[in-house]
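Now for the letters of each chain:
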Amino acid sequence: MTERTGLDDLLTFEEEPPPRAGRQRGGRGRAVLRTLAVAAAVTAVVLAVLRAVGLQVSIWIVVAGVLAVLAVRRVTADLAPPPPPRAGGRAPAGEEPDAWNWDARDALRAAINGWERPLDWSSGNRERFTERILPRLGELADERLRQRHGLTRESDPARARTLLGEPLWTFLSTPSRRPPSPRDLAAIVAELEKI
């Protein structure tokens, strides 16, 4: 009962449904009471300050002014644009169909760069390939073995060797004299996907 998962399955996602604009706990009455309490508190403070400096202003003018300020604050908060995304957040979707925004923070681009840069950096250097890329490929193989067969190369080497096949097992267990060519890497990835 093995289920094959291709790259298309790994790279697709479903949009999250928009948050429901349902009532908050307590509803509209609680919001009105909260606004009135804030207005009363601010009015009391403003009246106390005005009386302290010797000004006499009608209480109804102060109440109307405070309620107007609270209403303007509420309207501007509702009309304000959403805050900018955090540094590690997802970029919003919605690019034009034929144009790709290469500057957007994209999980696929990050994953590609996570492999592209080290592969490029170690393309002509065996030590770098052995230190950086080979352990990543081994982790991928172990993860595939763990997900599909419940084992790793360390937990059951004999069965893992059988499942991986001799060429892939040899590649992962013995460092090569030179980094593999792109064609060899493509074959290795194809073997990893067969697990």
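Criteria and cut-off values
- Residues numbered from 1 in each chain as written.
- Predicted model: local features only at pLDDT ≥ 70, side-chain atom pairs only at ≥ 80, totals over all residues.
- Heavy atoms only, no water.
- Helix = DSSP H or I, 4+ residues; strand = E, 2+ residues; numbered from the N terminus.
- Buried < 20%, exposed > 50% of the residue type's maximum accessible area, 1.4 Å probe, protein only.
- Areas by Shrake-Rupley, 256 points an atom, 1.4 Å probe, with all protein chains shown as cover.
- Core = buried A, V, L, I, M, F, W, Y, C linked by side-chain atoms within 4.5 Å.
- Axes fitted to C-alpha atoms, helices over the stretch in contact; angles between N-to-C directions.
- Parallel < 35°, antiparallel > 145°, perpendicular 65-115°, else oblique.
- Contact = heavy atoms within 4.5 Å.
- Nonpolar A, V, L, I, M, F, W, Y, C, P; charged D, E, K, R; others polar.
- Salt bridge = Lys/Arg side-chain N within 4 Å of Asp/Glu carboxyl O.
- Expected span 1.5 Å × (residues − 1).
- Arc of directions from axis to C-beta.
- Patch = residues over 30% accessible without salt bridge, like charges linked within 9 Å, V, L, I, M, F, W, Y side chains within 5 Å.

1. What about the overall build of the protein?
Scanning the protein from terminus to terminus reveals 8 helices and 0 strands. Reading the secondary structure of the protein in the N-to-C direction produces α-α-α-α-α-α-α-α. Within the span of the protein, comprising 195 residues, buried residues form 18% of the whole. Summed over all atoms, the accessible surface of the protein reaches about 15700 Å², with 58% contributed by carbon and sulfur.

2. Digging into the nonpolar core
Nonpolar side chains tend to gather and get buried jointly when the protein is soluble and globular. Judged by nonpolar contacts, the single largest core of 17 residues is most densely connected at Leu137, Leu164, Leu168, Phe171, Leu172 and Leu192. Put simply, the parts of the chain that give this core at least two residues each are helix 5 (126-149), helix 6 (157-164), helix 7 (166-173) and helix 8 (182-194). Among the elements that line this core, the one with the most residues is helix 5, at 6 residues. Of all hydrophobic cores here, the second largest spans 6 residues; its members include Ala39, Leu47, Val62 and Leu70.

3. A look at the packing of helix 5 against helix 8
Close contact between helix 5 and helix 8 brings their axes to 10 Å; oriented N to C, the two are set at 20°. Relative to helix 8, helix 5 is oriented roughly parallel. The residues of helix 8 that touch helix 5, namely those facing Phe129, Leu137, Leu140, Ala141 and Arg144, are Leu185, Leu192 and Glu193. Of the residues in the contact of helix 5 with helix 8, the class split is 6 nonpolar, no polar and 2 charged.

4. Comments concerning the pattern of salt bridges
Counted by the stated rule, this structure contains 5 salt bridges. When the shortest N-O distance is used, the salt bridge between arginine 161 and glutamate 166 registers 2.7 Å. Owing to a relative accessible area of 37%, arginine 161 belongs among the partly exposed residues under this scheme. Take glutamate 166: its relative accessible area is 41%, and that puts it in the partly exposed class.

5. Some thoughts on helix 8
Spanning 13 residues, helix 8 covers 19 Å between terminal C-alpha atoms, matching the ideal 18 Å at 1.5 Å per step. Buried within helix 8 we find Leu185, Ile188 and Leu192. The buried side chains of helix 8 occupy one side of the element, clustering within an arc of 60° when seen end-on. Projecting away from the buried face of helix 8 at angles above 90 degrees are the exposed residues Arg183 and Lys194.

6. So, a nonpolar patch on the surface
A surface patch of nonpolar side chains, about 360 Å² in accessible area, is lined by Val32, Leu33, Leu36 and Leu67. Here the nonpolar patch gets 3 residues from one element, more than from any other, and that element is helix 2 (residues 27-52). In this structure valine 32 comes out as partly exposed when scored by relative accessible area, which is 43%.

7. A few points about helix 2
Here helix 2 contains 26 residues, and its C-alpha end-to-end distance of 38 Å stays within 8% of the 38 Å for a straight helix at 1.5 Å per residue. Taken residue by residue, helix 2 has Ala39, Thr43, Leu47 and Leu50 as its buried positions. Tucked into the core, helix 2 has its buried residues touching helix 3 (59-79). Glycine 54, located one to two residues past helix 2, shows a positive phi value of around 90°.

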